[in-house]
Amino acid sequence: MEAHALTIRLTHHVEFPFLVLLLSGGHCILAVAQGVADFLLLGQSIDIAPGDMLDKVARRLSLRKHPECRSMAGGKAIEHLAQTGSWQEHTFRVPMQQYRNCDFSFSGLQNLVNKAITQKEKEEGIQEGDILSCVKDIAAAVQHTVAVHILQRTYRAMLFCIKNGILSSKNATLVVSGGVASNQYIRKGLQTLADANDFALLCPPPRLCTDNGIMIAWNGIERLRAGLGVLHSTDGIRYEPKAPLGIDISKRVEEDSIKVPKLKKLQWLAS
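As the structure is a computational prediction, the values presented were derived from the model and not from experiment. (Residues numbered from 1 in each chain as written. Predicted model: local features only at pLDDT ≥ 70, side-chain atom pairs only at ≥ 80, totals over all residues. Heavy atoms only, no water.)

A.B. asks: Would you mind going over the overall build of the protein chain with me for this structure?
C.D. replies: Assigned secondary structure in the protein chain consists of 11 helices and six strands. Considered along the principal axes of its C-alpha atoms, the protein chain spans approximately 65 × 40 × 30 Å. Burial status across the protein chain gives 49% buried among its 271 residues. Contacts spanning at least 24 positions in sequence make up 73% of the contacts within the protein chain whose residues lie at least 6 apart. Carbon and sulfur atoms form 50% of the exposed surface of the protein chain, whose accessible area is close to 13,700 Å². Treating the 31 positive side-chain charges of the protein chain as one cloud and the 26 negative ones as another, the clouds have centres 4 Å apart. (Helix = DSSP H or I, 4+ residues; strand = E, 2+ residues; numbered from the N terminus. Buried < 20%, exposed > 50% of the residue type's maximum accessible area, 1.4 Å probe, protein only. Contact = heavy atoms within 4.5 Å. Areas by Shrake-Rupley, 256 points an atom, 1.4 Å probe, with all protein chains shown as cover. Lys, Arg positive; Asp, Glu negative; His and termini not counted. Charge placed at Lys NZ, Arg CZ, Asp CG, Glu CD.)

This is how it looks when you write it as structure tokens:
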């Protein structure tokens, strides 16, 4: 996760601190990068990641059988079909709106979508594995709901960081990384959100978001330059299956209980 957060500094001159949103098939995290090895964790997914959820929905919709999507990965197929679909045709509840924190959840949304697909299959008299006539509308609705959920949590993170002096109210930066960050609908919403709050939005090139070798190598260079974590012996090293990202201040975020206002500029997305 540290490597994902720092990859932007390989292609852009970005000074610390900055807000980081990691969106991928395995993670969904909001954090503040204060230094090469200095992070504040604001929130994360409490179940599955957005990329994983979109892939599972694509499989449930059998998008590999769709003539426009046979060679596409699940998330990309959802994005492609959503371009010509109408999200207003299906309404899915945005997750966790009653919780004023920066955590994410996508498993409940996936269950709602699966139930809607099953109901539509019954209505159209088709078997699981066949393509629904409304598949593009479902893809658009799923993508829209995921985008709104991500925007709401990111907006709260921005407000929390400015309120508590973690980030400057001027010239703040939002870095969005991970495979899902290449989704243009989600990125458009994040760009609009960033513009409305005087944040610069920066995203590493997609090829770097999925190349773990380059990311880890750059992370090593950053640590070497900063003189952090460079060991000459493996004696006494403790190995952990899952290393935490920095200091977890998600409870502070929840205690602040910041209400996210509606933005007129985001009505196209968050209505």
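Moving on from the coordinates now.
A.B. asks: What am I meant to see in the side chain of Arg156 here?
C.D. replies: Along the chain, the position of Arg156 falls in helix H6 (residues 135–163). Put simply, Arg156 is tucked away with no salt bridge, and the nearest opposite charge, on Asp256, sits 9.4 Å away. (Salt bridge = Lys/Arg side-chain N within 4 Å of Asp/Glu carboxyl O.)

A.B. asks: I would appreciate a short explanation of the packing of aromatic side chains in the present structure.
C.D. replies: For any pair of aromatic rings, geometry is given as the distance between the ring centres together with the angle between the planes. Using the criterion set out here, one finds two aromatic pairs in the structure. Plain terms: the ring middles of Phe104 and Phe106 are 6.3 Å apart, the flat faces sit at 10° to each other, and that makes the pair stacked. (Phe/Tyr/Trp six-rings, centres within 6.5 Å; stacked < 30°, edge-to-face > 60°.)

A.B. asks: Which parts of the structure should I look at to understand the sheet that holds strand E3 (residues 38–44)?
C.D. replies: Spatially, the six strands line up as an open sheet ordered E5-E4-E1-E2-E3-E6, and their pairing is mixed. The open sheet has two free edges, formed respectively by strand E5 (199–202) and strand E6 (247–248), since each of these has just one partner strand. Helix-sheet contacts for H6 involve strand E1 (18–23), strand E2 (28–35), E3, strand E4 (172–177) and E5, and the interaxial angle to E1 is about 160°. (Pairing = 2+ DSSP bridges. Axes fitted to C-alpha atoms, helices over the stretch in contact; angles between N-to-C directions.)

A.B. asks: What is the right way to read helix H5 (residues 107–124) from this model?
C.D. replies: Compared with an ideal rise of 1.5 Å per residue, which puts 18 residues at 26 Å, H5 spans 26 Å between its outermost C-alpha atoms and is within 8% of the ideal. Burial in H5 covers these residues: Leu109, Gln110, Val113, Ile117 and Glu121. All buried residues of H5 lie within an arc of 115° about the axis, which places them on one face of the element. For H5, the exposed residues set more than 90 degrees away from the buried face come down to Lys115, Lys122 and Glu123. Turning to H5, the residues buried within the fold contact helix H3 (50–60) and H6. Following H5 by one or two positions, Gly125 has its phi on the positive side, about 70°. (Expected span 1.5 Å × (residues − 1). Arc of directions from axis to C-beta.)

A.B. asks: Would you mind showing me how to read the environment of Ile247 here?
C.D. replies: Tracing the backbone through its elements, the reader meets Ile247 in strand E6. A C-alpha to C-alpha distance of 8.9 Å links Ile247 and Leu42, two positions 205 residues apart in sequence. Dropping the residues within four chain positions of it, Ile247 is found in contact with Phe39, Leu40 and Leu41.

A.B. asks: Would you mind showing me how to read the side chain of Glu121 here?
C.D. replies: Its location among the elements puts Glu121 in helix H5. What makes Glu121 buried here is its relative accessible area of 7%. Separated by 2.9 Å, the side chains of Glu121 and Arg60 make a polar contact. For Glu121, the residues in contact, after removing those within four places along its chain, are Arg60, Ile126, Gln127, Glu128, Gly129 and Leu132. (Polar contact = N/O pair within 3.5 Å; in protein donor to acceptor, adjacent residues only side chain to side chain.)

A.B. asks: I tried to follow the environment of Gln44 on my own but got confused; where do I start?
C.D. replies: Here Gln44 lies in strand E3. Each C-alpha atom of the pair Gln44 and Glu254 lies 13 Å from the other, and the pair is 210 residues apart in sequence. In contact with Gln44, other than residues within four places in its own chain, are Cys28, Ile29, Cys102, Asp103 and Phe104.

A.B. asks: In this structure, what is going on with a nonpolar patch on the surface? I would like to understand it.
C.D. replies: Where nonpolar side chains cluster on the molecular surface, the patch consists of Leu231, Ile237 and Tyr239 and spans about 360 Å² of accessible area. Relative to the assigned elements, Tyr239 resides in the loop between helix H9 (212–226) and E6. What makes Tyr239 exposed here is its relative accessible area of 68%. (Patch = residues over 30% accessible without salt bridge, like charges linked within 9 Å, V, L, I, M, F, W, Y side chains within 5 Å.)

Limitation: the analysis is restricted to geometry and does not speak to function.
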